[in-house]
Amino acid sequence: MYAFIWRKLPFGLAGKLAGSVLLLAATVALLWYVAFPWAEPLLPFDDVQVESGVPAESGNDAPVTGETPAGDEHDLPYDTDQNNPVPSSSPSR
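So, a few notes on the structure that sits alongside this text. Only a predicted model underlies this, so the values are computations on that prediction, with no experimental measurement involved.

The rules we used
Residues numbered from 1 in each chain as written. Predicted model: local features only at pLDDT ≥ 70, side-chain atom pairs only at ≥ 80, totals over all residues. Heavy atoms only, no water. Helix = DSSP H or I, 4+ residues; strand = E, 2+ residues; numbered from the N terminus. Buried < 20%, exposed > 50% of the residue type's maximum accessible area, 1.4 Å probe, protein only. Areas by Shrake-Rupley, 256 points an atom, 1.4 Å probe, with all protein chains shown as cover. Expected span 1.5 Å × (residues − 1). Bend = angle between axes of the 7 residues up to and from the residue. Contact = heavy atoms within 4.5 Å. Lys, Arg positive; Asp, Glu negative; His and termini not counted. Salt bridge = Lys/Arg side-chain N within 4 Å of Asp/Glu carboxyl O. Polar contact = N/O pair within 3.5 Å; in protein donor to acceptor, adjacent residues only side chain to side chain.

## Overview of the overall build of the protein chain
On a plain count of helices and strands, the protein chain comes out with two helices and zero strands. Burial analysis of the protein chain (93 residues in total) assigns 5% to the buried set. For the protein chain, the exposed area adds up to about 9600 Å²; of that, 61% sits on carbon and sulfur atoms.

And the structure:
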């Protein structure tokens with residue numbers, strides 16, 4: 001297919017290169033402005049579901065609060081309130 005297109009492009013090597021670049025740009029523009037916007041609603045990229053860690057109950061119409069569920073404390077094994085300074089001298093070799 002590409003050999004057929006290359007043979008059909010006019011004006012020698014310079015014209016074939018320019019025609020190839022124009023065909024490539026037209027293909028990218030067609031995909032970018034027509035095909036991708038058409039397909040975007042069909043793709044699941046915006047279907048983000050964040051689970052709270054607590055199993056959802058069916059029929060539960062209670063409003064969601066900003067409280068952290070019990071047992072979901074994320075204890076870190078280090079202190080996050082202050083930065084540890086980097087030693088000023090490098091270790092000797």
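There is more to say after this.
## Points about unusual backbone geometry
The residue Phe11 is not glycine, and still its phi comes out positive at about 75°. Residue placement: Phe11 occurs in the loop between α1 (2-8) and α2 (12-39). With relative accessibility at 72%, the residue Phe11 sits in the exposed group.

## Notes on α2
Residues that lie three or four places apart on an α-helix share one face, since the helix turns once every 3.6 residues. Spanning 28 residues, α2 covers 38 Å between terminal C-alpha atoms, matching the ideal 40 Å at 1.5 Å per step. The largest bend in α2 is about 35°, located at Leu31. Residues Gly15, Lys16, Gly19 and Ala39 constitute the buried set of α2. Looking at the packing, one finds that the buried side of α2 touches α1.

## Here we look at the side chain of Lys16
With respect to the helices and strands, Lys16 occurs in helix α2. In this structure, Lys16 is buried with no salt-bridge partner, the nearest side chain bearing the opposite charge being Glu40 at 38 Å. A polar contact of 2.7 Å, which involves the side chain of Lys16, links it to the backbone oxygen of Trp6. When residues no more than four places from it in sequence are discounted, the contact partners of Lys16 are Trp6, Arg7, Leu9 and Pro10.

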